[in-house]
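# Residue-level structure breakdown
Below, each chain spelled out in residue letters.
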Amino acid sequence: DGGITQSPKYLFRKEGQNVTLSCEQNLNHDAMYWYRQDPGQGLRLIYYSQIVNDFQKGDIAEGYSVSREKKESFPLTVTSAQKNPTAFYLCASRSSQGKYGYTFGSGTRLTVV
Amino acid sequence: KQEVTQIPAALSVPEGENLVLNCSFTDSAIYNLQWFRQDPGKGLTSLLLIQSSQREQTSGRLNASLDKSSGRSTLYIAASQPGDSATYLCAAQVTGGGNKLTFGTGTQLKVEL
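Residues numbered from 1 in each chain as written. Chains lettered and ligands numbered in written order. Predicted model: local features only at pLDDT ≥ 70, side-chain atom pairs only at ≥ 80, totals over all residues. Heavy atoms only, no water.

Further remarks concern the sheet that holds strand E8 (residues 72–77) of chain B. All names here are of chain B. Spatially, five strands are ordered E1-E3-E8-E7-E6 in an open sheet, and the strand pairing comes out antiparallel. Only two strands of the sheet have a single partner each, and these edge strands are strand E1 (4–7) and strand E6 (56–59). Neighbour to neighbour, the strand axes of the sheet diverge by 15 degrees on average, direction disregarded. Pairing analysis gives four bridges linking E6 to strand E7 (residues 62–67), with the strands arranged antiparallel. Residue pairing across strands places Gln57 opposite Ala64, the latter belonging to E7. (Pairing = 2+ DSSP bridges. Helix = DSSP H or I, 4+ residues; strand = E, 2+ residues; numbered from the N terminus. Axes fitted to C-alpha atoms, helices over the stretch in contact; angles between N-to-C directions.)

At the interface, 22 residues of chain B touch 23 residues of chain A. Carbon and sulfur atoms supply 52% of the area that chain B and chain A bury against each other, a total of about 1700 Å² over both sides. Contributions of two or more residues to the side of chain B that touches chain A are made by strand E4 (30–38), strand E5 (44–51), strand E9 (86–94) and strand E10 (101–103) of chain B. Considering each element in turn, the side of chain B that touches chain A owes the most residues, five residues, to E4 of chain B. In terms of residue class, the side of chain B that touches chain A is built from seven nonpolar, 13 polar and two charged. (Contact = heavy atoms within 4.5 Å. Buried area = accessible area lost by both parts, 1.4 Å probe. Nonpolar A, V, L, I, M, F, W, Y, C, P; charged D, E, K, R; others polar.)

Right, let's get into the confidence of the model for chain B. Low pLDDT means the predicted coordinates in that region are not meant to be read closely. For chain B, per-residue confidence averages 94 on the pLDDT scale, and 100% of positions sit at 70 or higher. Across chain B, the secondary-structure element scoring lowest on mean pLDDT is E10 of chain B, at 93, and the one scoring highest is strand E11 (residues 107–112) of chain B, at 98. (pLDDT = per-residue confidence, 0-100.)

Take the packing of aromatic side chains next. Applying the stated rule across the entire model yields 10 aromatic pairs over all chains. On the basis of an interplanar angle of 15 degrees and a centroid distance of 6.0 Å, the ring pair of Tyr33 of chain A and Tyr48 of chain A is categorised as stacked. With Tyr33 of chain A in strand E4 (residues 31–37) and Tyr48 of chain A in strand E5 (residues 44–51), this pair connects stretches of sequence that are 15 residues apart. A relative accessible area of 0% places Tyr33 of chain A in the buried class. In this structure Tyr48 of chain A comes out as buried when scored by relative accessible area, which is 7%. An aromatic cluster of at least three residues, connected via ring pairs, comprises Tyr33, Tyr35, Tyr48, Tyr102 and Phe104 of chain A together with Phe36 and Phe103 of chain B. Across the ring face of Phe74 of chain A, the terminal group of Arg68 of chain A is positioned such that the distance to the ring centre comes to 6.0 Å. (Phe/Tyr/Trp six-rings, centres within 6.5 Å; stacked < 30°, edge-to-face > 60°. Buried < 20%, exposed > 50% of the residue type's maximum accessible area, 1.4 Å probe, protein only. Lys NZ or Arg CZ within 6 Å of the ring centre and 35° of its normal.)

Put into structure tokens, the structure is as follows:
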């Protein structure tokens with residue numbers, strides 16, 4: 001079945017450490033997105049990519065970086081510059097063909113220890 | 001800037017009751033509106049997608065309507081069941097600029113036996 005796979009499901013980060021969250025899709029979707037979810041707040045957009053080798057900042061990009069070397073993959077790195085990284089991170093994709101909605105992965109919960 | 005509001009923030013109903021969840025958005029120039037379900041600690045599951053040219057969509061016991069002129073969408077759940085207990089999120093997709101989704105903060109639904 002086609003879908004989006006996020007790994008790991010849980011991730012623990014020490015202060016000052018960079019960590020990378022994986023997102024892979026086999027839906028042949030062109031666009032991919034990273035959202036952050038905090039309790040009591042709506043999902044907020046971190047970065048998005050509409051084509052390979054191109055990506056744009058979302059509303060809260062500071063302290064994060066991404067790459068899009070392959071259509072199927074859109075990893076997110078949480079750098080030490082992100083002051084409050086503890087959150088639930090969701091990856092999504094969307095087809096640019098036709099009027100289709102978003103498909104989301106199962107999420108990665110990142111905790112700073 | 002698009003803003004999405006969901007009312008109520010939480011709702012508790014007895015099993016079998018029909019219920020309506022509300023979503024309002026400030027910018028009527030949307031591409032589509034999507035309703036999602038989120039179980040605790042899980043990713044988002046798409047329930048219904050309404051194109052900007054459509055008035056409603058139905059799937060099983062779910063019916064979603066869209067009124068662009070008033071900036072409102074509703075999700076109607078018929079004959080609610082305990083398995084419907086979850087957080088329901090609506091999200092408006094804007095045209096251009098990556099077709100980004102703007103989310104509401106959700107309605108947390110509990111269906112009691």
